[in-house]
Amino acid sequence: MVMLVVALLLDLGSAQGPPQPRTIVTPSFYNRLLAAVPGTCSGKRLYTYNAFILAAESFAGFGTTGTILTRKREMAAFLANVMHETGSLCYTREIRPQSRYCSPSAKQYPCVPGESYYGRGPLQLTWNYNYGAAGRYLSLNLLRNPDLVAQNGIVSFKTAVWFWMVNSRCHSGITTGSGFGSTIRAINGGECGGGRPNAVKSRVEFFLRFCREFGVTPGPNIYC
């Protein structure tokens, strides 16, 4: 009897802990997005729900910071940017990359001969210095094997959450109330201020849609 009471108290304690991303982005919600992806898209096989959740819940604070409203807005903001960057979970690699995206000035993360650092993954990780820094954080040699970001779903999502949480102001922008527009500026500032209004519109439309589905208001400053 005592053991039963202890077990119940432990269950209650865990239930009162901070909700994890999986309590906001449920399998049914995410798999509806994935079901709409054509079978010819490489993203349909890479961007699985399990890959997303394993990556999301490996970063402290991602989708667990602040009020439930803030947490839901963060998940909506992250997924909105992912949907835009990947053509609604279709693309795993940049279409027609314009260069190798190798910056010789990033001497800490030298380019490997024959490798290119064009956009890959949910937030289209780009440039050798981002591959190098993400790889160091994740204990992976992404400079030597950048295509791992387009081949391994967990690694792919981890690089995206790393960028969101560690390498930009996306997380802090949402959690401090700067608004969704701050995430657009952090990911691709060239779209802001009239640079690419259709791209901004696409991101915002996804964000508003997901906020509605999560039952929260979008908050201020949704454009940039």
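What counts and what doesn't
- Residues numbered from 1 in each chain as written.
- Predicted model: local features only at pLDDT ≥ 70, side-chain atom pairs only at ≥ 80, totals over all residues.
- Heavy atoms only, no water.
- Helix = DSSP H or I, 4+ residues; strand = E, 2+ residues; numbered from the N terminus.
- Buried < 20%, exposed > 50% of the residue type's maximum accessible area, 1.4 Å probe, protein only.
- Contact = heavy atoms within 4.5 Å.
- Disulfide = S-S within 2.5 Å.
- Salt bridge = Lys/Arg side-chain N within 4 Å of Asp/Glu carboxyl O.

Asks: Can you break down the environment of Pro21 residue by residue, with the values?
Replies: As for its position among the elements, Pro21 is in helix H2 (residues 21-24). Judged by relative accessible area, Pro21 falls into the buried class, the value being 1%. When the C-alpha positions of Pro21 and Ile53 are compared, they lie 7.0 Å apart, and in sequence the two are 32 residues distant. Excluding its chain neighbours within four sequence positions, the residues that come into contact with Pro21 are Ile53, Ala56, Glu57, Phe62, Thr64 and Met75.

Asks: Help me get a handle on the state of the cysteines, residues and values and all.
Replies: For the structure shown, the criterion picks out three disulfides. If the cysteines joined by disulfides in the protein are listed in sequence order, their pairing comes out as 1-2, 3-4, 5-6. Take Cys170: it sits in no disulfide, and the sulfur closest to it among the cysteines is that of Cys192, at 11 Å. In this structure Cys211 is a free cysteine whose sulfur lies 15 Å from that of Cys170, the closest cysteine sulfur available.

Asks: Explain the pattern of salt bridges to me, using residue names and the numbers behind them.
Replies: If you walk through the whole model with that rule in mind, you get nine salt bridges. Here Arg203 makes a salt bridge to Glu191, at a shortest N to O gap of 2.8 Å. Taken together, the residues Arg203 in helix H11 (residues 197-214) and Glu191 in the loop between helix H10 (180-188) and H11 connect sequence positions twelve residues apart. The burial state of Arg203 is the same as that of Glu191; both residues are buried.

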